[in-house]
Amino acid sequence: MNQSSLNALIELATEKRDAAAATLGALHGERARSQSQLEALIAYRAEYGERLARAMADGLSMHRLDNDQRFLAALDEAIAEQERIVAHSEHRLADGKNQWQDRQRRLKSFDALEQRRRAGEARREARREQQDNDEAAGRASRRANG
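None of the values given here were measured: they were computed from a predicted structure. (Residues numbered from 1 in each chain as written. Predicted model: local features only at pLDDT ≥ 70, side-chain atom pairs only at ≥ 80, totals over all residues. Heavy atoms only, no water.)

Scanning the protein chain for helices and strands turns up two helices and zero strands. Relative to the globule expectation of 15 Å for 146 residues, the C-alpha radius of gyration of the protein chain, 34 Å, shows a markedly less compact shape. Projected onto its principal axes, the C-alpha coordinates of the protein chain cover approximately 125 × 25 × 15 Å. A burial count over the protein chain gives 20% of its 146 residues as buried. Long-range pairs, those at least 24 residues apart, make up 80% of the contacts in the protein chain between residues at least 6 apart in sequence. Surface exposure of the protein chain reaches about 10400 Å², of which carbon and sulfur atoms provide 51%. In the protein chain, the 26 positive side-chain charges and the 25 negative ones have mean positions that sit 8 Å from each other. (Helix = DSSP H or I, 4+ residues; strand = E, 2+ residues; numbered from the N terminus. Rg over C-alpha atoms; globule rule 2.2 N^0.38 Å. Buried < 20%, exposed > 50% of the residue type's maximum accessible area, 1.4 Å probe, protein only. Contact = heavy atoms within 4.5 Å. Areas by Shrake-Rupley, 256 points an atom, 1.4 Å probe, with all protein chains shown as cover. Lys, Arg positive; Asp, Glu negative; His and termini not counted. Charge placed at Lys NZ, Arg CZ, Asp CG, Glu CD.)

Shown next as structure tokens:
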């Protein structure tokens, strides 16, 4: 593989890794927001339930009790839906982490190839220099003996 092709692959792999990192950051934010919404719903449900219990202790109409129980049921449904959203966002986050890791591994592979190419080039250059030095020393020796 020539140097320009390898450089192009490294650049593309870097761009893909960076895009995966940006996506991963967005997924972290999405998961945090969905978890925060779930926690807010649960806290509101608990607070509303406590208020209802106090109101029941003080006595309330059947109509209000029915309305409050329906509202609590709706809150329970909202909590269940938000739990599904959190689970989905966690799944997407895990997929995003895997994708970023795959992109990072691919980039490291290309970097390793580039390092090997550079090391090989350095070895070849060192051999050329040594050969040039040997030839120059041989010519100097022949001139001195000649």
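Having put the structure on the table, let's press on.
What follows deals with the environment of Asp95. Relative to the helices and strands, Asp95 resides in helix H2 (residues 62–145). Residue Asp95 is classed as partly exposed on the basis of its relative accessible area, which comes to 39%. Residues Asp95 and Arg128 lie 33 residues apart in sequence; the distance between their C-alpha atoms is 49 Å.

For the rest of this paragraph, the subject is the packing of aromatic side chains. One pass over the structure, following the stated rule, counts three aromatic pairs. Ring centres of Tyr44 and Phe71 lie 6.2 Å apart, and the angle between their planes is 90°; this geometry places the pair in the edge-to-face category. Placement of the pair is Tyr44 in helix H1 (residues 3–58) and Phe71 in helix H2, with a sequence separation of 27 residues. On the numbers, 4.7 Å between centres and 55° between planes, the contact of Tyr48 with Phe71 is tilted. Pair noted here: Tyr48 is in helix H1 and Phe71 is in helix H2, with a separation of 23 residues, a long-range link. Residue Phe71 is classed as partly exposed on the basis of its relative accessible area of 33%. Pairwise contacts between aromatic rings join Tyr44, Tyr48 and Phe71 into one cluster. (Phe/Tyr/Trp six-rings, centres within 6.5 Å; stacked < 30°, edge-to-face > 60°.)

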